Amino acid sequence: MHASDDGPHGHHHEHDHSELSDTALRVRALESVLVEKGYVEPDALDAIIETYETRIGPRNGARVVAKAWADPAFRDGLRRDATAAIASLGFGGRQGEHMVAVENTPEEHNLVVCTLCSCYPWPVLGLPPVWYKSAAYRSRAVIDPRGVLADFGVTLPEGTRLRVWDSTAEIRYLVLPMRPAGTEGWSEEALADLVTRDSMIGTGLARAPGGVAA
Amino acid sequence: MNGAQDLGGMMGFGPVTPEPEELRFHAEWEKRALAITLATGAMGVWNIDTMRHTRESLPPAEYLSSSYYEIWTKALANQLLADGLVSREELRDGQAEAPARPVPRVLHAGEVARTLAAGTQYARPAEAPAAFAVGAAVRTRVFHPAHHTRLPRYARGKQGVVEAVRGVFVFPDTNAHRQGEHPQWLYTVRFTGPELWGEGADPSLSVSIDAWESYLEAA
């Protein structure tokens, strides 16, 4: 567990702890000034937070992947024009304006990174996890992606090529993981439960029906 | 600019630490940082490239020792100061001292869903044919501009293949500095592992970047 920003029982050293509190205070001061000057509205801030806490997250992407597994026509559309295919399920907008879906195969595994900042397909995956924005991931994904996969407990079969997509522009990439064996005839809802966030970034694989990574 | 943001290929940051996908925020202040960053962005005073440049302009030691939401909030404060929307004293005290400056727009609560769902389109109509086609051999240029650019250092001066022609997009190198959008063709260019990393590199690795046309020359 991570310490809360100003709770007294965090796991951090005193130094880290006080820095976190400083940040919390600085953000509070910043927000107060912005509200007082009328640049931002408190209700709008709450609406933004509510959106990303409850409505926009990786279950959206899981629905896209499950449909692509179950519906070959949708999958073809997703590969041809991902923005339109994803919009047909009701997802789109900020940080997903220009989507591209890349498909894992037994021959090639895809991995997405943004080495320069934190570009990430928000409408389908939500806000990026801390590790995606970390120096450790951004530095190593392009030079040692197999080492990064090992950090996630993923070992690709020998001979699988690794393809890394560095999101340096406004194109946002969604990885279409391989459908686990033994899921023939499953509903889209059941399939979606096998789709992890990490499998749509490429740092993971879809879960096998038994619950472990395929 | 060759700032601390340009991390591709650096070493020594340690392992990547996975986390459960249910975890959205690590502290309450991160929610507020997200919200004020998006709401102030919606004012229309700066664009996405301006803010990226402000973030990468943090001193490298500070950038690398800050969490990403800290980078966001430090850069937001710097951007607000640079645009004269707040003063240092106001940021220190958390209290307004001078009247607000007029801004193009204030995001209202009722507009949030629509604004997030609309996003911002960065594609522009083509006014000239693309210089490169799928399959073309290209080489990325070697430059080290002090201004914003989206060509990472590890991919400068490297030979690759155009894998996709994405359309015409706003050019961040000028847009970041409010020098106009100057849209250019954008390409996905794929490089082999050995081309990027040389001796000992994994031959089964390939890496692509999305590169604007002026980053490229025929190879």
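Each chain carries its own residue numbering, running from 1 in the written order of its sequence. The lettering of chains begins at A and the numbering of ligands begins at 1, in the order of writing. With the structure being a predicted model, the display of local features is reserved for residues of pLDDT at least 70 and the display and counting of side-chain atom pairs for 80 or more, all residues being used for whole-chain, interface and lining totals. Here the side-chain values reflect all heavy atoms present in the structure, with hydrogen atoms and water set aside.

According to UniProt, the feature "domain: Nitrile hydratase beta subunit-like N-terminal" (unreviewed entry) maps to residues 1-109 of chain B in the numbering used here. This span, residues 1-109 of chain B, is 45% helix and 0% strand, and a straight line between its end C-alpha atoms measures 36 Å. UniProt positions are given in the numbering used here, feature names are shortened, and annotations may be inferred rather than shown by experiment. By definition, any uninterrupted DSSP run of H or I lasting at least four residues is a helix, any uninterrupted run of E lasting at least two residues is a strand, and each is numbered from the N terminus.

A separate point is the confidence of the model for chain A. Confidence of the predictor at the level of single residues is given by pLDDT, which spans 0 to 100. Looking at chain A, pLDDT values average 91 and 89% of them are 70 or higher. Note on definitions: a residue-residue contact is assigned when non-hydrogen atoms from the two residues lie within 4.5 Å. Under a pLDDT of 50 for its full length, residues 1-16 of chain A has, in the predicted model, 18 contacts with residues more than four places off or in other chains.

Whenever a helix is involved, its axis is fitted only over the stretch in contact; in every case the axis is a line through C-alpha atoms, and angles between N-to-C directions fall within 0 to 180 degrees. Direction vectors running N to C along helix α2 (residues 42-55) of chain A and helix α1 (residues 28-41) of chain B enclose 115 degrees, while the axes themselves pass 9 Å from each other. In this structure, α2 of chain A meets α1 of chain B at a crossing whose hand is right-handed. Here Leu45, Asp46, Ile48, Ile49, Tyr52 and Glu53 of chain A of α2 of chain A lie close against α1 of chain B, whose contacting residues are Lys31, Arg32, Leu34, Ala35, Ile36, Leu38 and Ala39 of chain B. Its residues assigned to classes, the contact of α2 of chain A with α1 of chain B comprises nine nonpolar, no polar and four charged. Each crossing gets its handedness from the near helix: less than a right angle anticlockwise from the far helix is left-handed, clockwise is right-handed. Gly counts as polar in this scheme, as do all residues outside two lists: the nonpolar Ala, Val, Leu, Ile, Met, Phe, Trp, Tyr, Cys and Pro, and the charged Asp, Glu, Lys and Arg.

Moving on, we come to unusual backbone geometry. Residue and element names in this part refer to chain B. Although it is not a glycine, Arg178 sits at a positive phi angle of roughly 55 degrees. The topology assignment puts Arg178 in the loop between α7 (172-175) and β4 (184-192). The classification of residues rests on relative accessible area computed with a 1.4 Å probe and restricted to protein chains. Under 20% of the type maximum is buried, over 50% is exposed, and intermediate values are partly exposed. Residue Arg178 is classed as partly exposed on the basis of its relative accessible area of 45%. We note that His182 has phi near 35 degrees; this positive angle belongs to a residue other than glycine. Mapped onto the fold, His182 is located in the loop between α7 and β4.

This brings us to the UniProt feature "domain: Nitrile hydratase alpha/Thiocyanate hydrolase gamma" (unreviewed entry) in chain A. The positions UniProt marks with the feature "domain: Nitrile hydratase alpha/Thiocyanate hydrolase gamma" (unreviewed entry) are residues 22-203 of chain A. For residues 22-203 of chain A, the end-to-end C-alpha separation is 33 Å, with 46% helix and 13% strand making up the annotated structure.

Next up on the list: helix α4 (residues 68-82) of chain B. An α-helical turn contains 3.6 residues, so a residue and the one three or four places further along point in the same direction. All names here are of chain B. What a helix is expected to span follows from its residue count: subtract one and scale by 1.5 Å. Helix length check: α4, at 15 residues, gives a terminal C-alpha distance of 21 Å against a target of 21 Å (1.5 Å per residue), a fit within 8%. Most of α4 is tucked away, with 12 of its 15 residues classed as buried. All of the buried residues in α4 are Tyr68, Tyr69, Glu70, Ile71, Trp72, Thr73, Lys74, Ala75, Leu76, Ala77, Gln79 and Leu80. Immediately beyond the C-terminal end of α4, within one or two residues, lies Gly84, with a positive phi of roughly 70 degrees.

So, on to the domain arrangement of chain B. Interface size is often expressed as the accessible area that is lost when the parts come together. Residue and element names in this part refer to chain B. What fixes the domain bounds is an automatic or database domain assignment. Domain boundaries assigned for chain B yield domain 1 (28-118) and domain 2 (123-218). A straight line from the C-alpha centre of domain 1 to that of domain 2 covers 29 Å. The partner domain 2 presents 10 residues to the 10 residues of domain 1 that form the contact. Using a 1.4 Å probe, buried area is obtained as the accessible area two parts lose upon being combined, added over both of them. Here domain 1 meets domain 2 over a buried area of about 730 Å², counting both sides, of which 39% is carbon and sulfur. Definition used for salt bridges: Asp or Glu carboxyl oxygen within 4 Å of a side-chain nitrogen of Lys or Arg. For the pair domain 1 and domain 2, the interface holds one salt bridge. When the shortest N-O distance is used, the salt bridge between Arg178 and Asp83 registers 2.9 Å. Per element, the largest residue contribution to the side of domain 1 that touches domain 2 is five residues, and it comes from helix α2 (residues 48-56). Considered class by class, the residues forming the side of domain 1 that touches domain 2 number two nonpolar, four polar and four charged.

Pairing is possible between side chains of opposite charge, provided their charged atoms come close. Residues and elements named next belong to chain A. Throughout the structure, instances matching the rule amount to 28 salt bridges over all chains. One salt bridge in this structure joins Arg197 and Asp198, with 3.2 Å as the shortest N-O distance. With a relative accessible area of 3%, Arg197 lands in the buried category. By relative accessible area, Asp198 is classed as buried at 15%. Each of Arg75, Asp76, Arg79 and Glu103 takes part in salt bridges that share partners, so that together they form one network.

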